[in-house]
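Structure assessment
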Amino acid sequence: MSSWAEMNGQVAAAEVFVLCALCVILVIDVFLTERSRWLTYVLSLATLAGAAYMTVRHGVQTRVTAFDGMYVADPMGDVLKLFSYGTVAVTFLYSREYLQRRGLFKGEYFILGLVALLGVMVMVSAGSLLTVYLGVELLSLSLYAMVAFDRESGIAAESAMKYFVLGAISSGTLLYGFSIVYGVTGTLQLDELAVNVREVGAANLALIFGLAFIIVGIAFKFGAVPFHMWVPDVYHGAPTPVTLFIGSAPKIASFVLAIRVLAEGLDAMVASWQEMLIALAVLSMLLGNVVAIAQTNIKRMLAYSTISHVGFILLGILAGTNEGYRASMYYTLAYVITTVGSFGMILLLSRAGFEADRLEDFKGLNRRSPWFAAIMMMLMFSTAGVPPFIGFWAKLAVIGAVLDVGLAWLAAVAVLLSVVAAFYYLRVVKLMYFDEPTDSHAIEAGGTLRAVLSANGVAVLALGVFPSVLIDLCARVLP
Amino acid sequence: MQDWPILSVLIWLPIFGGVVMLALGERNVALGRWIALLTTAVTFGVSTLLWANFDSSTALMQFGEEHSWIPSLSSAYALGVDGISMPLILLTTFITPLVVIASWTVIEKKPAQYYAAFLILEGLMIGVFAALDALLFYVLWEAMLIPMFIIIGIWGGPRRVYATIKFFLYTFLGSVLMLVSLIYLYQQTCNAGQCSYLIADFYDVPLDLNVQIMIFIAFLAAFAVKVPMWPVHTWLPDAHVEAPTGGSVILAAIMLKMGGYGFLRFSLPITPDAAGTLDWLVISLSLIAVVYIGFVALVQQDMKKLIAYSSIAHMGFVTLGSFLTFELMSVNGDVRGAAMGIEGAMVQMISHGLISGALFFCVGVLYDRMHSREINAYGGVVNTMPIFAAFAVLFALANSGLPATSGFVGEFLVIIASFRADFWYAFLAGLTLILGAAYTLWMVKRVIFGAVANDNVAALTDLNAREFVVLGVLALAVLALGLWPAPLLEVMHKTVENLVQTITTPKL
């Protein structure tokens with residue numbers, strides 16, 4: 001038996017902390033009454049803060065492995081984890097009032113959220129295919145439960161079922177791909193895999209066969225076309241706080257899944273997966289953007305918009321260069337920051353008996369609240385990739401990455417499809433600014449939600465005007 | 001020379017003013033108006049220092065500022081002006097306060113947001129003309145669409161939503177391909193060893209002809225939409241008709257000029273060989289704009305639409321003048337002719353900015369009183385509004401290129417230059433003197449002259465002091481530029497000569 005220190009276990013301090021904390025919260029929550037449920041909420045936020053402290057405290061400057069290579073800590077992982085804590089914390093902050101109003105303010109939401117976060121963390125730090133799979137399942141299973149979390153809602157149950165069945169199939173596909181790769185190369189460890197693939201030869205048919213399954217699994221977790229079917233239904237059917245959750249940290253996980261498996265483990269096969277990802281990316285951008293136009297529900301619209309953004313994230317990855325991964329990482333972070341705000345806006349406008357998830361619910365928002373209309377406008381223009389907001393720099397980065405590897409046509413396709421996308425984001429701005437309000441209720445949301453959402457909106461602008469803050473961060477961790 | 005960042009002040013002062021107005025909200029509209037006026041007036045005052053301290057004996061960038069902005073992309077916050085951008089900045093700062101004055105009492109819905117949008121827009125537009133870094137240019141170029149989108153959409157006419165979305169998508173579609181080109185050029189500078197987004201560094205990037213043609217077409221898409229050139233002009237009549245008066249004025253007077261500016265700053269110097277190869281395309285499109293759109297303008301029933309089409313026709317001279325260079329230089333090395341074409345284009349831009357702005361103000365004056373833009377709704381306005389009629393006739397004559405007005409100078413220079421290139425160019429371009437006069441004066445005849453058409457016209461009141469100031473200032477500018485264009489030409493002369501030199505040096 002090797003000791004904790006020999007296994008270099010301290011680099012996993014944050015994971016251990018989150019796991020312990022969540023067990024403690026689970027136990028405490030059992031004994032809480034409805035009135036003291038806030039304690040769970042506070043403890044969950046404290047856990048996130050503690051995890052952030054642990055991650056910073058045990059932050060690494062270079063790649064460090066632990067547990068015989070099963071676990072990897074690197075600067076990219078640290079940054080992604082910190083971002084995940086942040087988005088999960090913001091998600092909790094945004095969700096509290098909505099959950100309280102709906103009688104959903106239960107410990108399960110926060111506990112499942114923390115388990116999902118743990119899954120994200122495990123994926124971020126995965127050093128072997130097994131760890132990857134462990135993280136994927138930890139995340140997915142919590143998400144399935146979260147979607148079904150409002151048991152009164154038939155539509156939520158339906159989408160949870162759909163999510164679960166399709167998700168299970170995709171996990172199986174991913175595992176099947178892993179097993180083939182393991183069979184051919186004889187290793188699960190990602191760094192050894194990279195070496196062994198070169199020995200076997202990247203053109204090995206069995207490897208490519210396995211790779212195809214892995215890509216299908218990754219595409220499903222991302223929600224890339226043609227494996228996107230679950231996205232609109234789940235986004236639409238799940239309670240808005242859960243949609244918000246699914247739209248944020250899990251996207252970071254999907255990104256890191258692709259990076260760890262494709263860019264680190266199977267980097268020698270870049271020629272093979274590049275072609276597959278090109279197809280996925282183009283289809284996602286095309287279908288996501290075109291179908292989003294037809295939506296009347298903003299959650300569904302944002303679901304299709306997510307699909308198209310996944311296409312853009314894939315653009316960076318498929319470049320197969322460090323610049324591309326960096327661009328992709330930047331895009332993912334920018335996307336998460338913006339999306340969290342957009343869903344937060346739906347939560348802001350919702351009130352008892354009113355979901356505010358139809359597009360028309362945004363009508364005349366400028367009359368009701370010029371400040372939040374301006375924030376939503378910034379979020380929408382940012383998602384559309386219009387400067388000076390953060391979304392523009394994300395788009396710039398991935399297009400630059402694609403151009404750099406000589407795929408000029410792909411860059412042109414991407415920017416032209418982003419014009420299609422502009423239309424439905426503009427429509428939201430149109431509803432808020434050019435139409436008269438149909439809803440005269442004052443916005444009920446409390447101070448926390450308002451403050452965090454305002455900060456979120458301002459961040460979208462500030463990181464757009466001073467983009468080098470986040471660009472340099474990505475550059476530092478992915479040199 | 002200045003030891004303080006005059007260009008940054010010009011960009012950020014109005015934006016800051018706009019943010020203050022937004023923060024102030026609709027609580028104190030009267031104060032808001034004065035803030036807006038003060039901000040734009042001070043901005044204009046500061047911008048005159050540009051003119052006063054401008055050194056017209058050099059083609060170098062002046063009033064330069066450079067700060068690191070995005071080091072990892074080698075993109076800098078780099079500003080500067082030369083003889084091409086300085087007059088355009090002045091035009092911007094000159095027109096915007098007039099817009100503020102003209103909409104003093106007219107805007108009832110959310111006036112604070114209205115002024116804020118114009119102030120922010122002004123800052124962004126100045127930034128577009130002053131940016132020396134391509135990425136900074138692009139950011140401002142696109143960001144500018146947002147306030148304009150809002151202006152047309154909130155304060156526009158009945159079909160404003162259609163018009164403003166069309167406006168946004170058209171221009172956005174045009175510019176995204178330019179973005180791809182800019183990134184490509186940036187990567188070429190990296191391949192050459194020194195990554196840079198500076199526009200001036202793009203001039204030195206060696207590019208083979210096929211690549212140049214692709215980049216040229218991408219630039220053409222961006223700038224042709226903005227100018228706008230036939231056949232991508234269709235957003236303009238819609239946007240103009242639906243926009244509030246101030247929006248139309250800014251659109252016609254300044255935003256269209258960015259297309260012309262883009263040709264001079266990007267297309268010609270970065271892809272000179274492609275521009276030389278494809279100059280026939282641009283020249284044909286320009287001549288179609290001048291002649292065909294002239295005929296289209298003739299049949300318009302809506303005054304704003306007529307002026308919008310007239311803008312397209314006049315902007316045809318800008319693109320024509322800019323692209324005559326190659327033919328002039330290749331035929332007989334006519335540097336003077338080439339410079340004349342580009343200077344004509346520049347004068348035409350400034351002059352059209354003043355005249356079309358003034359004409360939109362005139363329509364606005366009528367519209368505020370009668371709430372109709374239909375030519376048929378009017379007739380005999382001179383009887384009730386003699387002072388207004390005098391201004392309207394002056395601007396109409398300027399629009400048709402009457403000597404002693406600024407409209408004459410630009411068109412004349414371009415026609416002379418095109419004469420040196422090819423008789424038929426000059427012939428077709430010269431048709432504008434007939435067409436322009438026909439559509440403008442015919443409108444004036446129907447609206448202004450004749451007997452009082454109906455009771456509404458009979459009840460019109462003449463210009464108030466505010467409107468008089470706006471139109472009077474513009475009239476002075478139009479006449480001054482028409483009678484004595486020398487200072488303007490002198491300012492740009494060195495820059496234009498240098499530009500001709502750059503674009504006729506093959507890159508291949």
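Please read these numbers as outputs of a predicted model, since none were measured by experiment.

**So, the overall build of chain A**
On a plain count of helices and strands, chain A comes out with 20 helices and 2 strands. Its C-alpha atoms give chain A a radius of gyration of 21 Å, near enough to 23 Å, the size a compact globule of 479 residues would have. Going through the 479 residues of chain A one by one, you find that 59% of them count as buried. Long-range pairs, those at least 24 residues apart, make up 79% of the contacts in chain A between residues at least 6 apart in sequence.

**A word on the overall build of chain B**
Secondary structure summary: chain B contains 23 helices and 2 strands in total. Each principal axis of the C-alpha atoms in chain B carries an extent, and together these give about 70 × 55 × 40 Å. For chain B, with 508 residues in total, the buried portion stands at 62%. Summarising the internal contacts of chain B: among those between residues at least 6 apart in sequence, 81% fall at separations of at least 24.

**Examining the packing of helix H11 (residues 245–270) of chain B against helix H16 (residues 335–370) of chain B**
All names here are of chain B. It is at 7 Å that the axes of H11 and H16 come closest, and there the two elements cross at 165 degrees. On the basis of their axis angle, the class for H11 and H16 is roughly antiparallel. Here H11 runs over H16; the crossing is right-handed. Note on element contacts: H16 touches H11 through Ile342, Ala345, Met349, Gly353, Ser356, Gly357, Phe360, Phe361, Gly364 and Tyr367, opposite Thr245, Ser248, Val249, Ala252, Ala253, Ile254, Lys257, Gly260 and Leu264. Within the contact of H11 with H16, the residues separate by chemical class into 11 nonpolar, 7 polar and 1 charged.

**Some words on helix H3 (residues 85–102) of chain B**
End to end, H3(B) covers 26 Å across 18 residues, agreeing with the expected 26 Å (1.5 Å per residue, within 8%). When you tally the buried positions in H3(B), you get 18 out of 18 residues, the bulk of the element.

**Some points on the nonpolar core**
In this structure, A:Met123, A:Val147, A:Tyr330, A:Met376 and B:Phe395 are the most contacted members of the largest nonpolar core, which totals 398 residues. Element by element, the count of residues in this core is highest for H16(B), at 19 residues. A:Met123 has contacts with A:Val132, A:Gly135, A:Val136, A:Leu139, A:Ala253, A:Val256 and A:Leu257, leaving out every residue within four places of it along the chain.

**Overview of the environment of A:Val27**
Residues and elements named next belong to chain A. Inspection of the secondary structure puts valine 27 in helix H1 (residues 13–30). What makes valine 27 exposed here is the crowd of 9 C-beta atoms within 10 Å. Remark: the alpha-carbon pair of valine 27 and valine 413, spanning 386 residues in sequence, is separated by 53 Å.

**Description of the packing of helix H15 (residues 325–332) of chain B against H16(B)**
Residue and element names in this part refer to chain B. Contact geometry of H15 with H16 gives a least axis separation of 8 Å together with a crossing angle of 175 degrees. In terms of orientation, H15 lies roughly antiparallel with respect to H16. Contacts between H15 and H16 pair Thr325, Leu328 and Met329 from the former with Gly337, Ala338, Gly341 and Ile342 from the latter. In terms of residue class, the contact of H15 with H16 is made up of 4 nonpolar, 3 polar and no charged.

**A word on the interface of chain A and chain B**
Contacts between the two partners involve 27 residues from chain A, matched on the other side by 26 residues from chain B. At the level of elements, helix H16 (370–384), helix H17 (390–404), helix H18 (408–434) and helix H20 (468–477) of chain A are the ones that each hand at least two residues to the side of chain A that touches chain B. It is H18(A) that provides the largest number of residues to the side of chain A that touches chain B, a total of 12 residues. Its residues assigned to classes, the side of chain A that touches chain B comprises 21 nonpolar, 3 polar and 3 charged.

**Brief notes about unusual backbone geometry**
Backbone torsion omega between A:Val225 and A:Pro226 reads 0 degrees, so that peptide bond is classified as cis. Cis rather than trans, the peptide bond between A:Pro387 and A:Pro388 has omega equal to 5 degrees. Relative to the helices and strands, A:Pro388 resides in the loop between H16 and H17. Positive phi, normally seen in glycine, also occurs at A:Ala356, with a value near 55 degrees. Of note, A:Ala356 is situated in the loop between helix H14 (322–349) and helix H15 (365–368). What makes A:Ala356 partly exposed here is the crowd of 19 C-beta atoms within 10 Å. One non-glycine residue, B:Ser74, lies in the positive phi region at around 55 degrees. Checked against the element boundaries, B:Ser74 lands in the loop between strand E1 (62–70) and strand E2 (75–81).

**Considerations on helix H2 (residues 29–52) of chain B**
All names here are of chain B. Here H2 spans 35 Å end to end across 24 residues, near enough to the 34 Å set by a 1.5 Å rise per residue. What H2 keeps buried is the set Gly32, Arg33, Ile35, Ala36, Thr39, Thr40, Thr43, Ser47 and Leu50. For H2, the secondary structure elements touched by its buried residues are helix H1 (6–24), E1, E2, H3 and helix H4 (111–130).

**Structural notes on the pairing of E2(B)**
Counting buried residues along E2(B), 6 of its 7 residues qualify, which places the element largely inside the surrounding structure. Joining the antiparallel neighbours E1(B) and E2(B) is a turn of 4 residues, in which B:Ser74 adopts a positive phi near 55 degrees.

**Some words on the confidence of the model for chain B**
Chain-level pLDDT for chain B is 88 on average; 100% of the residues reach the 70-or-more range. In the predicted assembly, ipTM is 0.90 and pTM is 0.92.

**Digging into the environment of A:Ile317**
Residue and element names in this part refer to chain A. Note on placement: isoleucine 317 falls in helix H13 (residues 298–318). Using a count of 28 C-beta atoms within 10 Å as the deciding quantity, one classes isoleucine 317 as buried. A C-alpha to C-alpha distance of 27 Å links isoleucine 317 and glutamate 15, two positions 302 residues apart in sequence. Setting aside chain neighbours within four positions, we find isoleucine 317 in contact with Ala258, Leu262, Leu277, Gly324, Tyr325 and Ser328.

**A short note on the pairing of E1(B)**
Looking along a regular strand, one sees side chains alternate from face to face of the sheet. Where E1(B) lies against E2(B), 6 bridges are found, and the strand directions are antiparallel. Across the sheet, the residue bridging to B:Glu65 is B:Leu79, located in E2(B).

**A short note on the environment of A:Ile218**
All names here are of chain A. Summarising the element assignment, isoleucine 218 is placed in helix H8 (residues 205–222). Classification of isoleucine 218 by C-beta neighbours within 10 Å gives buried; the count is 28. In this structure isoleucine 218 touches Leu257, Ala258 and Val261, once residues within four positions along its chain are discounted.

Cut-offs applied
- Residues numbered from 1 in each chain as written.
- Chains lettered and ligands numbered in written order.
- Predicted model: local features only at pLDDT ≥ 70, side-chain atom pairs only at ≥ 80, totals over all residues.
- Helix = DSSP H or I, 4+ residues; strand = E, 2+ residues; numbered from the N terminus.
- Rg over C-alpha atoms; globule rule 2.2 N^0.38 Å.
- Buried ≥ 20, exposed ≤ 12 C-beta atoms within 10 Å, placed from the backbone.
- Contact = placed C-beta atoms within 7 Å.
- Axes fitted to C-alpha atoms, helices over the stretch in contact; angles between N-to-C directions.
- Parallel < 35°, antiparallel > 145°, perpendicular 65-115°, else oblique.
- Left-handed = near helix turned anticlockwise from the far one by under 90°.
- Nonpolar A, V, L, I, M, F, W, Y, C, P; charged D, E, K, R; others polar.
- Expected span 1.5 Å × (residues − 1).
- Core = buried A, V, L, I, M, F, W, Y, C linked by C-beta atoms within 7 Å.
- Pairing = 2+ DSSP bridges.
- pLDDT = per-residue confidence, 0-100.

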